[in-house]
Amino acid sequence: MGTPSLSPWAVLMLTLVGLWAPCVLSRQPNFIVILADDVGWGDLGANWAETKETPHLDQLAAEGTRFVDFHSAASTCSPSRASLLTGRLGVRNGVTHNFAISSLGGLPLNETTLAEVLREAGYSTGAIGKWHLGHHGRHHPNSRGFDFYFGIPYSHDMGCTDTPGYNLPPCPPCPRHGTAARVARKDCYTEVALPLFENVTIVQQPVELSSLARRYVEEATRFIQRASDSGRPFFLYLALAHMHVPLTPPLPPAPGRGIYGASLGEMDVLVGRIKEVADSLGRGSTLLWFTGDNGPWAQKCELAGRLGPFVGAWQRQRGGSSAKQTTWEGGHRVPALVYWPGRVPARRTSRALLSVLDIFPTLVALAGAALPPSRSFDGLDVSPVLFGWSDVGHKVLLHPNSGAGGKVGEIEALRLAQYKAFYTTGGAMACDGSTGPAERHQPPLIFNLDRDIQEQEPLDVASREYQAVLPAISRAYAQALQDIAADNVSVADYSQDPAAIPCCNVQHVGCRCHGAHGATWDPHVEKRTPRLCL
């Protein structure tokens, strides 16, 4: 939405560094982007002292830079991921809500992904984990710029498994003996097993959730090693199943730790292992960026993450969630760490207003590549902020509705400096089952986050402060909508067809690859025969 303003001193520093930069980045850096699912800002001990399960992430923060005012581009899965990979909000790239298991479409094909830009720049590209941007035909990751893909095509609660893990409500395991054994459950997928892909081949269906984290680490290690052996730089997009339900902690949780804490500890170990692999290539050769796709899923109660101080108190007082799906801080303010030894300062905390949207233009710039033409980007190249030369990010940040009150994808909240304006609130379910009434606000509710991080008390409409900031907010909102309307905007295909559901064997109940009795999976056998024609 524009270029961050810099002080004269910062401009001078950037000019001097610009002369020196070719020596610094004489070789294209490797990139690892780790995207956690439904993770709370308070799920990192570095952010929230009450959290004790993340020693590896806390060490990552100590050895890199922690961003405390960092935001997802939407508050639910598909739109947030589409924005990460395009640098554009859903109102531009067309992805405004989640895709289904039977979706024919996905991220529009005329949108250029980060992987496509980096592959053109000479990178090996790999995606491991959750995709959720379309799996049918040319929407599959292998057709969107990724040389290698290993993972699940959507959220891991969107298909049954033999060991369902912990969810609210609990979901039954996959059926084994025909239609008589099938049990319909609200909010549970009971008919089709969750598939695991390697490129376009289904290698396991249903997925064994208890071993999924380990397999992601193994495949990530192999991909990194292959890329390193080839002499090419690499881009790895690792989209974790953690901390989305169902949770499948590796061992019974220790007393006082709980299911969520045990699962959080497993994610922490996984991230620590990826850091070790990156460091083995030579410290300073790889930038690692850890963040989340949106805030915790409040209606999952004790299986949801920690908001930290971002509780959305105004909404809570009226019922409903102030986390995932909403435009309250708890829905989109996510943890963010960047680690790049020798380049990104260690033990630094940045309060710059940044977004997942910034990953695309920043990595493209660091790779020495160019942004795709004929379109506008909502993200910024924030490499000056990463390097510690500036602490200025977005002047304005837009927050779309992601399934709460209002029309999906529409801009329902806006951040301007320390001020946050809400045009619609309510409509998302809390743990107690309440949703809170969907309310339209004209004039908008405005909070001063410097004084009210809990979003408890909006400014009095009659106050001098409100009257002083409202014109600037209104101008920013109108300018944003005008810019979007004039842009090259895409439209996603959300049509569905049961034939698009990934199924490795339609003759078996639940699409099992080895029949109804669940024979032992042999990866060597599985990988010989493609199970799905895309």
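These numbers were taken from a predicted model, which means no experiment stands behind them.

Basis of the calculations
Residues numbered from 1 in each chain as written. Predicted model: local features only at pLDDT ≥ 70, side-chain atom pairs only at ≥ 80, totals over all residues. Heavy atoms only, no water. Pairing = 2+ DSSP bridges. Helix = DSSP H or I, 4+ residues; strand = E, 2+ residues; numbered from the N terminus. Axes fitted to C-alpha atoms, helices over the stretch in contact; angles between N-to-C directions. Contact = heavy atoms within 4.5 Å. Phe/Tyr/Trp six-rings, centres within 6.5 Å; stacked < 30°, edge-to-face > 60°. Lys NZ or Arg CZ within 6 Å of the ring centre and 35° of its normal. Disulfide = S-S within 2.5 Å. Buried < 20%, exposed > 50% of the residue type's maximum accessible area, 1.4 Å probe, protein only. Salt bridge = Lys/Arg side-chain N within 4 Å of Asp/Glu carboxyl O.

## Some points on the sheet that holds strand S1 (residues 30–36)
Remark on secondary structure: sheet strands pair via backbone hydrogen bonds, oriented parallel or antiparallel.
Phase 1: Taken in spatial order, the 10 strands make up an open sheet running S7-S6-S5-S4-S8-S1-S9-S10-S2-S11, and their pairing is mixed. Each having just a single partner strand, strand S7 (201–204) and strand S11 (348–350) make up the two edges of the open sheet. Between one strand axis and the next, the sheet turns through 20 degrees on average, direction left out of account.
Phase 2: Strands S1 and strand S8 (234–239) of the sheet are contacted by helix H3 (residues 77–86), whose axis makes an angle of about 170 degrees with S8.

## Some remarks on the packing of aromatic side chains
Phase 1: Tallied over the entire structure, the rule returns 18 aromatic pairs.
Phase 2: Site record: aromatic cluster; members linked through ring pairs are Trp 131, Phe 146, Phe 235 and Tyr 237.
Phase 3: Taking NZ or CZ as reference, Lys 300 lies 4.6 Å from the ring centre of Trp 297, over its face.
Phase 4: Between the NZ or CZ atom of Lys 324 and the centre of the ring of Trp 297, over which it lies, the distance is 4.1 Å.

## Let's talk about the sheet that holds strand S13 (residues 396–400)
Phase 1: Overall, antiparallel pairing links the four strands, which are arranged S13-S14-S15-S16 in an open sheet. The strands lining the two open edges of the sheet, one partner per strand, are S13 and strand S16 (439–448). Direction aside, neighbouring strands of the sheet carry axes that sit 20 degrees apart on average.
Phase 2: When strand S14 (residues 411–416) meets strand S15 (residues 419–425), the two strands line up antiparallel, connected through four bridges. Each bridged residue has a counterpart across the sheet, and for Leu 416 the counterpart in S15 is Tyr 419.
Phase 3: Running over the sheet, helix H12 (residues 464–485) touches S13, S14, S15 and S16 and is turned about 120 degrees from S16.

## Notes on the state of the cysteines
Phase 1: Scanning the model with the defined rule gives five disulfides in all.
Phase 2: Covalently, Cys 171 is tied to Cys 188 through a disulfide, its sulfur atoms 2.0 Å apart. Sign of the S-S torsion, about -85 degrees for the bond between Cys 171 and Cys 188, identifies this disulfide as left-handed. Of this pair, Cys 171 sits in the loop between strand S5 (148–151) and strand S6 (196–198) while Cys 188 sits in the loop between S5 and S6, and the two are 17 residues apart along the sequence.
Phase 3: The partly exposed category is assigned to Cys 171, whose relative accessible area is 22%.

## Quick look at the pattern of salt bridges
Phase 1: Summed over the entire model, instances satisfying the criterion amount to 28 salt bridges.
Phase 2: Asp 147 is the partner of Arg 119 in a salt bridge, and the nearest nitrogen-oxygen pair spans 3.1 Å. Note that Arg 119 is positioned in helix H5 (residues 114–120) and Asp 147 in the loop between strand S4 (124–129) and S5, a separation of 28 residues in sequence.
Phase 3: Note on Arg 119: relative accessible area 33%, which makes it partly exposed.
Phase 4: Across the pair Arg 222 and Glu 219 runs a salt bridge whose closest N-O atoms are separated by 3.0 Å. Here Arg 222 pairs with Glu 219, and both are found in helix H6 (residues 212–230), just three residues apart, close to one helical turn.
Phase 5: A residue is classified by how much of its surface remains accessible, and Glu 219, at 6% relative accessible area, is buried.
Phase 6: One salt-bridge network, in which partners are shared between bridges, spans Arg 88, Arg 92, Glu 111, Arg 375, Asp 378, Asp 483 and Asp 487.

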